[in-house]
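Coordinate inspection notes
Spelled out from the first residue to the last, the chains are:
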Amino acid sequence: MHLKSKLILKKSRIHYFLLFLLTIFLGIMSRKIPQIPLFTGDFLYAVMIYILVRIIFISKNALYIITASLLICYCIEFLQLYQGNWMIELRNTLFGRYVLGQGFLWTDIVAYTFGIAFAFSVERIVLKYKPL
């Protein structure tokens with residue numbers, strides 16, 4: 001890998017990381033302002049997961065990033081169906097509440113799907129990616 005390529009990857013990770021932090025902030029704010037619909041937080045959660053997967057797998061193609069992001073979001077949502085005592089205790093922490101959520105909702109699956117589609121679309125438009 002050329003030095004210029006390494007710098008571009010590093011720069012991209014920095015930009016994605018800043019977007020990651022901004023998305024977390026917006027997601028938290030969406031839960032604090034009652035006028036914002038609840039699905040907005042789930043939508044932004046999916047955008048955040050997409051960005052995180054992109055940071056980790058910076059050179060993977062879009063289909064890989066979309067698939068991995070959807071799998072992570074869906075798995076976390078379906079994990080909410082498990083109600084073991086230790087999992088309930090974990091969900092009662094700040095980390096557990098924000099990362100694992102509280103209860104399964106099909107509408108969250110829809111919000112995750114649209115959030116990841118949105119993140120991919122914006123990334124594709126901004127970075128002028130070729131189709132999948």
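Residues numbered from 1 in each chain as written. Predicted model: local features only at pLDDT ≥ 70, side-chain atom pairs only at ≥ 80, totals over all residues. Heavy atoms only, no water.

Looking now at the pattern of salt bridges. Evaluation of the coordinates by the stated rule reveals two salt bridges. In this structure, the salt-bridge partner of Arg54 is Glu123, at a minimum N-O distance of 2.9 Å. Linking Arg54 in helix α2 (residues 39-56) with Glu123 in helix α6 (residues 106-127), this pair joins segments that are 69 residues apart in sequence. We classify Arg54 as buried; its relative accessible area is 2%. (Salt bridge = Lys/Arg side-chain N within 4 Å of Asp/Glu carboxyl O. Helix = DSSP H or I, 4+ residues; strand = E, 2+ residues; numbered from the N terminus. Buried < 20%, exposed > 50% of the residue type's maximum accessible area, 1.4 Å probe, protein only.)

A separate point is the packing of aromatic side chains. Here the structure, examined in full by the defined rule, presents eight aromatic pairs. Ring plane angle 25 degrees and centroid distance 6.2 Å describe the contact between Phe17 and Phe20, whose orientation is recorded as stacked. Of this pair, Phe17 and Phe20 both sit in helix α1 (residues 3-32), separated by three residues, roughly a single helical turn. Overall, Phe17 belongs to the partly exposed group, its relative accessible area being 42%. Look at Phe20 and you get buried, because its relative accessible area is 13%. When the ring of Phe78 is compared with that of Trp106, the centres are 5.8 Å apart and the planes differ by 80 degrees; the resulting orientation is edge-to-face. Here Phe78 is found in helix α3 (residues 62-79), whereas its partner Trp106 is found in helix α6, with 28 residues between them in sequence. Given a relative accessible area of 39%, Phe78 falls into the partly exposed group. (Phe/Tyr/Trp six-rings, centres within 6.5 Å; stacked < 30°, edge-to-face > 60°.)

Considering only enclosed or pocket space, the largest pocket measures out at about 680 Å³ in volume. At the level of elements, α1, α2, α5 (94-100) and α6 are the ones that each hand at least two residues to the lining of the largest pocket. Within the lining of the largest pocket, the residues separate by chemical class into 14 nonpolar, seven polar and four charged. The computed volume of the second largest pocket comes to approximately 350 Å³. Together, 17 residues line the second largest pocket, and Tyr16, Leu19, Ile51, Val122 and Glu123 are the ones closest to its centre. Secondary structure elements with two or more residues in the lining of the second largest pocket: α1, α2 and α6. With seven residues, α1 is the largest single contributor of residues to the lining of the second largest pocket. Partitioning the lining of the second largest pocket into residue classes produces 13 nonpolar, three polar and one charged. (1 Å grid on protein atoms, 1.4 Å probe; cavity = no way out; pocket = protein on both sides within 12 Å on 5 of 7 lines; lining within 4 Å. Points joined across faces, edges and corners; volume = space filled by probe spheres on them. Nonpolar A, V, L, I, M, F, W, Y, C, P; charged D, E, K, R; others polar.)

In short, shape yes, function no, at least from these values alone.
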